[in-house]
Amino acid sequence: MSRKDVVAGARNEAGIALVLDLLKQQFGERLQTGQSFREQHAHTTTYLPAQLPDGVVFVESAEDVKTVVQTCATHKVPMVPFGIGSSLEGQVNAAHGGISIDFSRMDKVLEVNAEDLDCTVQPGVTREALNTYLRDTGLFFPIDPGANATLGGMASTRASGTNAVRYGTMKDNVLALTVVTANGEEIRTAHRARKSSAGYDLTRLFVGSEGTLGVITSVTVKLQGIPEKIGGGVGAFADVKSACDAVIMTIQMGIPVARIELLDAMQVRACNAYSNLSLAEKPTLFLEFHGTEQTVALQAEQFAAIAEEYGAEDLRFTSDPQERAQLWKARHNAYWAGRALAPDLAGLSTDVCVPISRLAECVAETQADIAETGLLAPIVGHVGDGNFHLLILFDDKDADNVDKVEAFMARLNTRALAMDGTCTGEHGVGQGKMSYLEAELGGALDVMRQVKRGLDPDNLFNPGKIFRL
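For every chain, the first residue of its written sequence is number 1, and the numbers climb from 1 along that sequence. The predicted origin of the model limits local features to residues at a pLDDT of at least 70 and limits the giving and counting of side-chain atom pairs to 80 or more, whereas totals for whole chains, interfaces and linings rest on all residues. For the side-chain quantities, the full set of heavy atoms in the structure was used; hydrogens and water were omitted.

1. Considering the overall build of the protein
Looking only at helices and strands, the protein features 17 helices and 18 strands. Radius of gyration: C-alpha atoms only; globule rule: 2.2 Å multiplied by the number of residues to the exponent 0.38. The C-alpha atoms of the protein give a radius of gyration of 22 Å, which matches the 23 Å a tight globule of 469 residues would have. Each of the three principal axes of the protein carries a C-alpha extent, and together these read 65 × 60 × 40 Å. Residue burial in the protein is summarised as follows: out of 469 residues, 56% are buried. Pairs of residues are marked as contacts when any of their non-hydrogen atoms sit within 4.5 Å. Relative to all contacts within the protein whose residues are 6 or more apart in sequence, the contacts with residues 24 or more apart total 73%. All accessible-area figures derive from a Shrake-Rupley calculation using a 1.4 Å probe, and residue coverage is judged against the displayed protein chains alone. Surface accessibility of the protein: about 18900 Å² in total, with carbon and sulfur atoms responsible for 50%. Here a strand is any run of E in DSSP of at least two residues, a helix any run of H or I of at least four, and the numbering for each starts at the N terminus. Buried means the residue's accessible area, taken with a 1.4 Å probe over protein chains only, is under 20% of the maximum for its type, while exposed means over 50%, and partly exposed covers the values in between.

Here's what the structure looks like:
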């Protein structure tokens with residue numbers, strides 16, 4: 001992450017003024033231009049500076065979206081889709097000014113096809129709201145990035161989370177999208193069939209595009225049956241390498257864990273204090289198994305044998321829903337627990353992902369770098385797929401401290417890329433990782449630029465994100 005990538009682009013002042021007037025006529029009070037609304041829609045949960053839009057439109061239908069896009073396109077005014085604002089790399093910043101399109105009122109579940117294990121929702125539906133809606137069907141949507149993000153935002157950033165090791169990421173779980181393109185028309189990228197060889201895979205093109213190619217108006221996702229039995233476990237290890245090696249062996253042995261999460265000693269200490277736990281303050285794995293009574297018991301037994309081989313201590317398993325919920329609530333609150341370690345400091349949350357065989361090495365080298373640099377940076381990770389996160393706590397008003405953190409970030413990303421990994425497993429690129437994406441993909445960025453120019457020739461959809469034109 002680098003502040004130098006947060007640059008202000010050229011503004012079309014005359015076009016913006018005209019569009020604000022036209023949208024006010026069309027949407028009335030659903031267009032807001034007040035300072036507080038604009039600040040809320042440039043929100044980032046990082047230390048990147050905010051870049052405010054000039055107005056916020058609260059859309060309620062696909063027709064509203066088409067109207068906004070057609071109006072903005074006619075007068076060459078940028079648009080930034082906004083779900084719930086939980087993005088971490090400046091994705092919702094309005095680098096060129098323009099209009100923020102708020103989807104909080106497009107929050108309806110449009111269709112549930114229980115027999116086919118899929119459903120279609122408007123982009124403003126949150127993952128928690130969807131699972132509450134589905135509860136009586138015996139189905140659930142498994143992608144859990146921690147934040148109660150919207151499905152449209154999760155599709156845009158190709159979100160992942162704690163369940164990805166078993167159920168995959170958003171790219172694996174989105175069957176189809178409807179999208180409003182630069183000419184103001186709504187297209188459908190696919191039908192509900194589970195596989196297709198019909199033409200380009202436009203669904204995967206828009207999933208992960210961070211709003212730079214079009215505006216999503218509906219998302220069709222796969223669902224899963226709620227498991228008959230869910231078991232959870234927790235175990236401490238002498239060091240991070242032992243914990244990571246246990247994870248690697250678990251995956252290589254084909255044990256179908258649903259979740260396998262790493263917390264380093266500092267993060268465990270933070271969670272103990274914040275969530276009133278009493279875990280040993282050592283590198284710790286949180287696990288979850290889904291299946292029948294018999295298969296969950298077998299998976300727990302198999303993992304226990306591996307964990308003990310790598311020196312696990314105080315290995316505990318439970319099927320009690322309340323105990324399990326307490327553990328996972330603590331894991332989901334890891335960000336806030338980490339912030340509570342030094343509430344006066346800024347927090348920078350970042351992630352990388354490497355092939356699982358390099359995970360232990362990458363985490364160990366990163367921990368050594370943290371110690372040598374003198375940073376306060378607890379580590380958590382969806383380590384079943386090689387992905388881990390750091391929350392770096394630092395004084396963002398101290399220029400030397402900022403430089404030290406950004407130099408550390410550069411080393412972290414370089415380390416992951418040298419191990420054939422990626423600069424971001426799930427946070428996306430936005431503004432904060434633009435420099436590292438160039439190092440990761442090289443000439444492939446030229447192909448991405450050609451796609452962007454072909455679908456958005458005037459660079460109006462979330463400009464200034466992913467790469468520079």
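2. Comments concerning the UniProt feature "domain: FAD-binding PCMH-type" (unreviewed entry) in the protein
UniProt positions are given in the numbering used here, feature names are shortened, and annotations may be inferred rather than shown by experiment. Feature annotation in UniProt places "domain: FAD-binding PCMH-type" (unreviewed entry) on residues 49-226, given in this structure's numbering. Taken end to end, residues 49-226 comprises 22% helix and 24% strand; its first and last C-alpha atoms sit 41 Å apart.

3. Observations concerning the pattern of salt bridges
A pair is scored as a salt bridge if a Lys or Arg side-chain nitrogen falls within 4 Å of a carboxyl oxygen belonging to Asp or Glu. Inspection of every chain in the model, using the stated rule, returns 28 salt bridges. For Lys66, the salt bridge is made with Glu63, and the minimal N-O distance between the two is 3.4 Å. Of this pair, Lys66 and Glu63 both sit in helix 3 (residues 62-74), separated by three residues, roughly a single helical turn. On the basis of relative accessible area, Lys66 is assigned to the buried category, the value being 17%. Each member of the salt-bridge network shares a partner with another, and the members are Arg127, Glu128, Asp144, Arg259, Glu288 and Arg324.

4. With respect to the sheet that holds strand 18 (residues 387-394)
Should DSSP find at least two bridges between two strands, the strands are regarded as paired. The sheet built from seven strands is open, its strands ordered 15-12-14-13-17-18-16 with antiparallel pairing. On the outer flanks of this sheet lie strand 15 (313-318) and strand 16 (346-353), each paired with one strand and no other. In this sheet, adjacent strand axes meet at a mean angle of 15° when their direction is disregarded. Axis lines are fitted to C-alpha atoms, over the contacting stretch for helices. Their N-to-C directions set the angle, which ranges from 0 to 180 degrees. The sheet strands contacting helix 10 (residues 265-275) are strand 13 (259-263), strand 14 (284-291) and strand 17 (379-382), and the helix crosses strand 13 at an angle near 95°.

5. Let's talk about helix 3
Helix span, as expected, comes to 1.5 Å for every residue beyond the first. Taking 1.5 Å of rise per residue, 13 residues should cover 18 Å, and helix 3 covers 18 Å from first to last C-alpha, within 8% of that figure. Turning to helix 3, its buried residues number three or more, namely Asp64, Val65, Lys66, Val68, Val69, Thr71, Cys72 and Ala73. Of the residues trailing helix 3, Lys76 is marked for its positive phi of about 55°.

6. What to know about the packing of helix 10 against helix 13 (residues 334-341)
As a packed pair, helix 10 and helix 13 sit with axes 8 Å apart at the nearest point and diverge in direction by 95°. Judged on the interaxial angle alone, helix 13 and helix 10 are roughly perpendicular. Within the contact between the two elements, helix 10 uses Met266, Gln267, Ala270, Cys271 and Tyr274 and helix 13 uses Ala334, Trp336, Ala337, Gly338, Ala340 and Leu341. Partitioning the contact of helix 10 with helix 13 into residue classes produces nine nonpolar, two polar and no charged. Working rule for angles: under 35 degrees goes down as roughly parallel, over 145 as roughly antiparallel, 65 to 115 as roughly perpendicular, anything else as oblique. For this classification, Asp, Glu, Lys and Arg are treated as charged, while Ala, Val, Leu, Ile, Met, Phe, Trp, Tyr, Cys and Pro are nonpolar and the rest, including Gly, are polar.

7. Points about the pairing of strand 8 (residues 174-180)
Burial of strand 8 is extensive: seven of the seven residues sit out of reach of the surface. Alignment of strand 8 against strand 10 (residues 215-222), held across six bridges, turns out to be antiparallel. If you follow Ala176 over to strand 10, its bridge partner there is Thr220. As defined by bridge partners, strand 8 adjoins strand 9 (residues 186-188) across three bridges and the pair is classed as antiparallel. Bridge pairing in strand 9 links Thr178 to Arg188.

8. Description of the domain arrangement of the protein
With domains assigned, the protein is organised as domain 1 (3-104 + 450-455), domain 2 (109-225) and domain 3 (229-419). Distance between the C-alpha centres of domain 1 and domain 3: 36 Å. With six residues of domain 1 at the interface, the matching set in domain 3 holds nine residues. In this description, buried area is defined as the sum, over both parts, of the accessible area (probe of 1.4 Å) that is lost when the two are combined. Of the roughly 590 Å² buried where domain 1 meets domain 3, counting both sides, 50% is carbon and sulfur surface. Counting across the interface, domain 1 meets domain 3 through zero salt bridges. Definition of a polar contact: a pair of N or O atoms within 3.5 Å, with one able to donate and the other able to accept a hydrogen when the atoms are protein atoms, and with sequence-neighbouring residues admitted only if both atoms are side-chain atoms. The tally of links from domain 1 across to domain 3 stands at zero residue pairs in polar contact (both at pLDDT 80 or more). Counted by class, the side of domain 1 that touches domain 3 contains two nonpolar, two polar and two charged residues. Here the bounds of each domain stem from an automatic or database domain assignment.

9. Considerations on the packing of helix 16 (residues 434-441) against helix 17 (residues 444-455)
Direction vectors running N to C along helix 16 and helix 17 enclose 115°, while the axes themselves pass 8 Å from each other. On helix 17, the residues touching Leu437, Glu438 and Leu441 of helix 16 are Ala444, Leu445 and Met448. For the contact of helix 16 with helix 17, the residue count by class is five nonpolar, no polar and one charged.

10. A closer look at the environment of Gly184
With respect to the helices and strands, Gly184 occurs in the loop between strand 8 and strand 9. Residues contacting Gly184, with those up to four places away along its chain left out, are Lys66, Val69 and Gln70.

11. A look at a negative patch on the surface
A contiguous patch of negative charge, built from Asp395, Asp398, Asp400 and Asp403, is present on the exposed surface. By secondary structure assignment, the location of Asp398 is in the loop between strand 18 and helix 15 (399-418). In this scheme, patches are assembled from residues that exceed 30% relative accessible area and form no salt bridge. Like charges are connected within 9 Å, while nonpolar side chains (Val, Leu, Ile, Met, Phe, Trp, Tyr) are connected within 5 Å. A residue counts as positive if it is Lys or Arg and as negative if it is Asp or Glu; His and the chain ends are not included. Charge positions are represented by NZ for Lys, CZ for Arg, CG for Asp and CD for Glu.

12. Some thoughts on the packing of aromatic side chains
For this analysis, a ring pair means two rings from Phe, Tyr or Trp (six-membered ring only for Trp) whose centres lie within 6.5 Å, classed as stacked if their planes differ by under 30 degrees, edge-to-face if by over 60, and tilted for the remaining angles. A full pass over the atoms with the stated rule returns five aromatic pairs. Considering the side-chain rings of Phe140 and Tyr167, the 5.8 Å spacing of their centres and the 90° angle between planes classify their relative orientation as edge-to-face. With Phe140 in strand 7 (residues 139-140) and Tyr167 in helix 6 (residues 164-167), this residue pair connects regions lying 27 residues apart in the sequence. Tyr167 carries the same exposure label as Phe140, and that label is buried. Residues Phe289 and Phe317 carry aromatic rings whose centres are separated by 6.1 Å and whose planes lie at 40° to one another, so their mutual orientation is tilted. A residue pair is termed long-range when its members are at least 10 positions apart, and Phe289 in strand 14 and Phe317 in strand 15 qualify at 28 residues.

13. Here's the deal with the nonpolar core
The nonpolar side chains of a soluble globular protein tend to be buried, and buried together. In these notes, a set of buried Ala, Val, Leu, Ile, Met, Phe, Trp, Tyr and Cys residues joined through side-chain atoms within 4.5 Å is what counts as a nonpolar core. If you look at the biggest cluster of nonpolar residues, it comprises 49 residues, and the most contacted ones within it are Leu285, Phe388, Leu390, Ile392 and Phe394. Of all elements in the fold, only helix 9 (240-252), strand 13, strand 14, helix 11 (293-309), strand 16, helix 14 (359-373), strand 18 and helix 15 reach the threshold of two or more residues within this core. When residues are assigned to domains, this core turns out to be shared by domain 1 (3-104 + 450-455) and domain 3 (229-419), each giving three or more. Formed by 25 residues, the second largest nonpolar core is a distinct cluster that contains Val109, Leu130, Leu139 and Val174.

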